[in-house]
Amino acid sequence: MRKWILMLQCALIVGLVAACTTDDEPGIDGPGSKKGYATGKVTDTEGKPVKGVEVVIDNTMIYASYSLGNTDANGNYEIQLPKVGTFMASAQIVKQYNGRRYELDLDPDVYEGFSIDGAVRNFQWKLAGERPEGEGYYGATVGLNKSLYSSIYDEENIEFTLTPVGDLIDGSKGKTLKMKSGKPYSKTYGYLVDIPLGRYEITAYYNGEGGKAPLKLRNHFSEDEYESKLVIDFEPSTMWGRNSFYISYME
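This section reports on the structure supplied with the text. None of these values were measured; they are calculated from a predicted model. (Residues numbered from 1 in each chain as written. Predicted model: local features only at pLDDT ≥ 70, side-chain atom pairs only at ≥ 80, totals over all residues. Heavy atoms only, no water.)

**Brief notes about the pattern of salt bridges**
Should the charged atoms of two oppositely charged side chains come close, the side chains can pair. As a reminder of what qualifies: In what follows, salt bridge is the name for a side-chain nitrogen of Lys or Arg lying within 4 Å of a carboxyl oxygen of Asp or Glu. Helix and strand labels come from DSSP, where a helix needs a run of H or I of at least four residues and a strand needs a run of E of at least two; each type is numbered from the N terminus. When accessible area is computed with a 1.4 Å probe and restricted to protein chains, residues below 20% of their type maximum are described as buried, those above 50% as exposed, and intermediate ones as partly exposed.
Tallying each qualifying case throughout the model produces 10 salt bridges. Lys34 is the partner of Glu78 in a salt bridge, and the nearest nitrogen-oxygen pair spans 3.3 Å. Of the two residues, Glu78 is situated in strand S4 (residues 76-80) and Lys34 in the loop between helix H1 (2-20) and strand S1 (37-43); the sequence distance between them amounts to 44 residues. We classify Glu78 as partly exposed; its relative accessible area is 47%. Residue Lys34 is classed as partly exposed on the basis of its relative accessible area of 27%. The partner of Arg131 in a salt bridge is Asp105, with the nearest N and O atoms 2.8 Å apart.

Put into structure tokens, the structure is as follows:
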């Protein structure tokens, strides 16, 4: 009998603990689900919470209809949803870097719509990596253009070296990158893609039949002289693309 009483007491304790723990309570990793709300957590490139990030809940059923919210000191947000609609969540972090203002899309842990019942959507700032649904990369892009006086027709055989000048946009130390254009006929042909955003010094070598030869570079949209080294700052998102810089090269 004593054994059965102890088992019953344990069952009651477990039941009470379960009853006191609901999906509405915030956990260590962020808030849980809450009916009728979009909730989540925003973290930086090191996984630390970020305060003051604006989260947008777009109503995909009603044109130009959306709800806004901001993260608190713990990086958490909670946005009440309208009574009608289906929704997509997005978030951006705004940073000033080398005299330019960048609005950087954050990476969602789940990229899909949700109903008026609500959902949890967490976001993280990533310097590089593929965006959801094949929509490009979180890193910056360098566009490549052959000078009118260049005889190079196999751009994929040019190797570019990008050396960080100072810290990256998130304050971290960057790494020297060795990069080439994508393969011919691919989406990345003529581009260096997914570069962690920062200031870089670029040099280039052409690996042709005659061996390795240095190239000269310049800002594609300038009338500057071609030089053996070029220091670049990526332009914030424009009609030319997200956080990009375009260069021309020649022998």
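**Considerations on the sheet that holds strand S2 (residues 54-59)**
Sheet strands associate in pairs through backbone hydrogen bonding, adopting either a parallel or an antiparallel arrangement. Definition in use: A pair of strands counts as paired when DSSP detects no fewer than two bridges linking them. Throughout, an axis means a line fitted to C-alpha atoms (over the contacting stretch in the case of helices), and angles, computed between N-to-C directions, take values from 0 to 180 degrees.
Taken together, the four strands give an open sheet; going across it, the order is S3-S2-S5-S6, and neighbouring strands pair in antiparallel fashion. One side of each edge strand has no neighbouring strand; the edge strands of this open sheet are strand S3 (66-70) and strand S6 (100-105). Each neighbouring strand pair of the sheet contributes to a mean axis angle of 25°, computed without reference to strand direction. Pairing of S2 with S3, which is carried by five bridges, proceeds in the antiparallel orientation. Across the sheet, Ile57 pairs through a bridge with Ser67, a residue of S3.

**A look at the sheet that holds strand S13 (residues 191-195)**
Ordered in space as S13-S10-S18-S16, the four strands form an open sheet in which the pairing is mixed. The sheet is open, and its two borders are formed by S13 and strand S16 (216-219), each paired with just one other strand. Across the sheet, the mean angle from the axis of one strand to that of its neighbour is 25°, orientation sign disregarded. Here three bridges tie strand S10 (residues 140-146) to S13, and the two strands are oriented antiparallel to one another. The residue bridging Gly143 from the neighbouring strand is Tyr191, located in S13.

**Examining the side chain of Arg131**
Let me state the cut-off plainly: Definition of a polar contact: a pair of N or O atoms within 3.5 Å, with one able to donate and the other able to accept a hydrogen when the atoms are protein atoms, and with sequence-neighbouring residues admitted only if both atoms are side-chain atoms. Any pair of residues with heavy atoms lying within 4.5 Å of one another is described as a contacting pair.
By secondary structure assignment, the location of Arg131 is in the loop between strand S9 (123-124) and S10. From its side chain, Arg131 meets the backbone oxygen of Tyr137 in a polar contact 2.9 Å long. For Arg131, the residues in contact, after removing those within four places along its chain, are Asp105, Gly136, Tyr137, Tyr138 and Arg242.

**As for the nonpolar core**
Note the threshold: Throughout this description, the term nonpolar core refers to a set of buried Ala, Val, Leu, Ile, Met, Phe, Trp, Tyr and Cys residues connected via side-chain atoms within 4.5 Å.
The biggest cluster of nonpolar side chains holds 47 residues, and the ones touching the most others in it are Ile57, Val142, Phe160 and Phe234. Element by element, the count of residues in this core is highest for strand S5 (residues 87-97), at five residues. In this view, Val142 contacts Gly190, Tyr191, Leu192, Ile195, Ile202, Ile232, Phe234, Phe245 and Ile247; residues no more than four positions away in its chain are not counted.

**Some thoughts on a negative patch on the surface**
Rules: Surface patches are defined over residues having more than 30% relative accessible area and no salt bridge, joining like charges when they lie within 9 Å and nonpolar side chains (Val, Leu, Ile, Met, Phe, Trp, Tyr) when within 5 Å. Areas reported as accessible are Shrake-Rupley estimates using a 1.4 Å probe. Residue values count occlusion only from the protein chains shown. Charged-residue counts in this description rest on Lys and Arg as positive and Asp and Glu as negative, His and the chain ends being excluded. Charge coordinates come from a single atom per side chain, which is NZ of Lys, CZ of Arg, CG of Asp or CD of Glu.
On the surface, Glu223, Asp224, Glu225 and Glu227 cluster together into a negatively charged patch. Checked against the element boundaries, Asp224 lands in the loop between S16 and strand S17 (230-233).

**Details of the environment of Gly143**
Assignment of secondary structure puts Gly143 in strand S10. For Gly143, a relative accessible area of 1% gives the class buried. For the pair formed by Gly143 and Ser248, sequence separation is 105 residues and the distance between their alpha carbons is 8.5 Å. Setting aside residues no more than four positions away along its own chain, Gly143 makes contact with Gly190, Tyr191, Phe245, Tyr246 and Ile247.

**Brief notes about a nonpolar patch on the surface**
Taken together, Met61, Ile62 and Val84 make up a surface patch of nonpolar side chains, about 290 Å² in accessible area. Residue placement: Met61 occurs in the loop between S2 and S3.

**Things to note about the packing of aromatic side chains**
Stated formally: Two rings from Phe, Tyr or Trp (for Trp, the six-membered ring) form a pair when their centres are within 6.5 Å of each other. A pair whose planes differ by under 30 degrees is stacked, one over 60 is edge-to-face, and the rest are tilted. Put simply, a charge is over a ring when the Lys NZ or the Arg CZ is close to the ring centre, within 6 Å, and near the line of the ring normal, within 35 degrees.
One pass over the full model with this rule turns up three aromatic pairs. Relative to Phe114, the ring of Phe87 lies with its centre 5.9 Å away and its plane at 35°, an arrangement referred to as tilted. Of this pair, Phe87 sits in strand S5 while Phe114 sits in the loop between strand S7 (107-108) and strand S8 (118-120); the two residues are 27 residues apart in sequence, bridging distant segments of the chain. Aromatic side chains Phe221 and Tyr246 sit 5.9 Å apart centroid to centroid with 65° between the ring planes, which places their arrangement in the edge-to-face category. Taken together, the residues span a long stretch of sequence, with Phe221 in the loop between S16 and S17 and Tyr246 in strand S18 (residues 244-250) at a distance of 25 residues. Its relative accessible area of 14% is what places Tyr246 among the buried residues. Over the face of the ring belonging to Tyr37 we find Lys34, whose NZ or CZ atom lies 4.6 Å from the ring centre. Its end group placed over the ring of Tyr205, Lys212 keeps NZ or CZ at 4.7 Å from the ring centre.

None of this, on its own, says anything about what the molecule does.
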